[in-house]
Each structure stands twice: as structure tokens, then as C-alpha cells.
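What the coordinates show
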Amino acid sequence: MSSPSKRREMDVMKLMMSDYVVEPINDGINELNVEFHGPKESLYEGGVWKIRVELPDCYPYKSPSIGFLNRIFHPNVDELSGSVCLDVINQSWSPMFDLLNVFEVFLPQLLLYPNPSDPLNGDAASLMIKDKEQYEKKVKEYCELYAKKGNISGTISDDSEEDVSDDDVSDGRSESSEDDVAGNADP
């Protein structure tokens with residue numbers, strides 16, 4: 001079995017050699033921004049998001065932290081922090097999974113099959129349940145405003161409407177601190 005650091009290097013290299021645009025942060029491989037396109041035949045088709053990936057020291061035995069940096073209207077993504085509520089990342093992660101699974105399977109599935117009964121964005125969940133047509137309209141509006149290829153640098157922290165910085169990325173817990181990481185599975 002290979003060491004976690006070799007596995008991390010291999011997974012990051014596989015992601016970089018795929019069709020994804022990958023930007024290492026601070027010249028390392030523990031933190032990355034990855035360009036993610038909304039799945040075809042979904043409300044999110046045509047949208048482009050910058051996803052922040054943070055790999056813990058014991059990756060792949062511990063899941064990566066995943067967060068949307070530009071806004072998305074989705075019941076299972078916190079609108080302000082970008083945190084993702086996804087069981088396979090937050091609770092049932094296995095070392096059998098890799099970063100390509102996150103971008104080729106888990107995130108597309110999240111966008112194709114939102115779960116309004118386990119929301120991080122109560123407004124999106126409520127609208128999805130009560131008025132599907134208005135929900136779909138708002139999803140498309142957010143895609144147009146925040147998820148176009150030319151404006152993905154306009155991340156949540158860049159929005160003038162909200163005073164949210166990159167340090168405010170949440171791990172899904174109710175309390176927050178500047179050290180919290182989006183999508184962190186540890187309570």
C-alpha cells in the first residue's frame with residue numbers, strides 16, 4: 001500500500017491530467033481550485049464553478065473538504081459559505097474514492113439530484129418543495145449571474161452584497177471560525 005502523500009500526489013496528478021482546470025494554491029498540492037462545469041441536461045448546465053479542494057494530511061483515509069467559491073442556488077450547498085452537504089464526502093468517504101470521483105460522480109450527482117429534506121440552504125429547499133417552477137427559475141438566474149465562464153473569478157468573497165471572505169468557508173457546523181474548512185466531515 002502506498003503512503004498517503006504518494007496517493008495524494010497521484011490523485012492530484014490524475015485530476016490535473018484530466019479535462020479539469022486545476023490551480024494549486026500556494027504552490028502545493030494540499031489546496032486546489034478546480035473548475036467544475038454543471039452536468040448536461042440539468043438546471044446547472046452551462047454553469048461553471050470554481051471549487052475549493054483541501055486535502056487533509058491523512059487523505060485518502062480522510063475525505064477532502066469541498067466548497068463552491070462562486071454562488072450556487074442549491075438545497076445542499078450553503079449559499080454564503082459554499083459548503084457542500086454530501087454524505088459520500090462528509091460521512092461515508094472511503095479510500096477507494098479519489099478526486100476524480102468527486103468531480104465526475106459526486107458533484108454531478110449532487111446537482112442532478114438535490115435533496116431538499118437535508119438542506120444547508122433552507123430557502124432553496126423550501127422553494128424546491130413549494131414551487132418547483134420558481135426554484136428552477138432561481139437556479140438558472142444564479143447560473144447566469146454567478147456561474148459563467150467569464151465571471152467565475154467573482155467568487156462568494158468578491159461579492160459586494162455579502163461580507164464573506166475565503167477564511168469564512170464553513171465546515172457545515174453551526175458555529176464558525178476562521179479556521180473552518182468547507183465540507184469538513186469532522187464534528
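Note that the structure is predicted; figures quoted are calculated from it, not measured. (Residues numbered from 1 in each chain as written. Predicted model: local features only at pLDDT ≥ 70, side-chain atom pairs only at ≥ 80, totals over all residues. Heavy atoms only, no water.)

With that settled, the discussion passes to the UniProt feature "active site" (unreviewed entry) in the protein. The residues that UniProt annotates with the feature "active site" (unreviewed entry) are Cys 85. Turning to its location among the elements, Cys 85 is positioned in the loop between β4 (65-68) and α2 (87-90). Residue Cys 85 is classed as buried on the basis of its relative accessible area, which comes to 19%. When neighbours within four sequence positions are excluded, Cys 85 is seen to be in contact with Asn 76, Asn 90, Leu 110, Asp 118 and Leu 120. (UniProt positions renumbered as here; feature names shortened; annotations may be inferred. Helix = DSSP H or I, 4+ residues; strand = E, 2+ residues; numbered from the N terminus. Buried < 20%, exposed > 50% of the residue type's maximum accessible area, 1.4 Å probe, protein only. Contact = heavy atoms within 4.5 Å.)

What follows is about the pattern of salt bridges. Evaluation of the coordinates by the stated rule reveals seven salt bridges. Taking the shortest distance from any N to any O, the salt bridge between Lys 14 and Asp 98 comes out at 2.6 Å. Of this pair, Lys 14 sits in helix α1 (residues 4-17) while Asp 98 sits in the loop between α2 and α3 (99-112), placing them 84 residues apart in sequence. Between Glu 23 and Lys 50 there is a salt bridge whose closest N-O contact spans 3.8 Å. (Salt bridge = Lys/Arg side-chain N within 4 Å of Asp/Glu carboxyl O.)

To continue, consider helix α4 (residues 122-130). Those residues of α4 not exposed but buried are Ala 124, Ala 125 and Met 128. Each buried residue of α4 sits inside an arc of 100° when the element is viewed along its axis, so together they form one side. Among the exposed residues of α4, those pointing more than 90 degrees away from its buried face are Asp 123 and Lys 130. (Arc of directions from axis to C-beta.)

Another point: the packing of α1 against α3. At a minimum axis distance of 8 Å, the contact between α1 and α3 shows a crossing angle of 45°. Of the possible angle classes, the one that applies to α1 and α3 is oblique. Contacts between α1 and α3 involve Asp 11, Val 12, Lys 14 and Leu 15 on the former and, on the latter, Leu 99, Leu 100 and Phe 103. For the contact of α1 with α3, a count of residues per class yields five nonpolar, no polar and two charged. (Axes fitted to C-alpha atoms, helices over the stretch in contact; angles between N-to-C directions. Parallel < 35°, antiparallel > 145°, perpendicular 65-115°, else oblique. Nonpolar A, V, L, I, M, F, W, Y, C, P; charged D, E, K, R; others polar.)

Of note, the amide linkage connecting Tyr 59 to Pro 60 takes the cis form, showing an omega dihedral of 15°. Mapped onto the elements of the fold, Pro 60 is located in the loop between β3 (48-54) and β4. Look at Asp 27: it is not a glycine, yet its phi comes out positive at around 55°. Looking at the element boundaries, Asp 27 is found in the loop between β1 (22-24) and β2 (31-37). Since its relative accessible area comes to 80%, Asp 27 is described here as exposed. Unusually for a residue other than glycine, Glu 41 sits at a positive phi of about 60°. Among the structural elements, Glu 41 can be located in the loop between β2 and β3.

Moving on, we get to helix α5 (residues 132-146). Three- or four-residue spacings in an α-helix give side chains the same orientation, since the helix completes a turn every 3.6 residues. Helix length check: α5, at 15 residues, gives a terminal C-alpha distance of 21 Å against a target of 21 Å (1.5 Å per residue), a fit within 8%. Listed as buried for α5 are Tyr 135, Val 139, Tyr 142, Cys 143 and Tyr 146. Taken end-on, α5 shows its buried residues confined to a sector of 105°, consistent with a single buried face. Exposed side of α5, more than 90 degrees from the buried face: Glu 133, Lys 137 and Glu 144 are the residues found there. The inward-facing, buried residues of α5 contact β3 and α4. (Expected span 1.5 Å × (residues − 1).)

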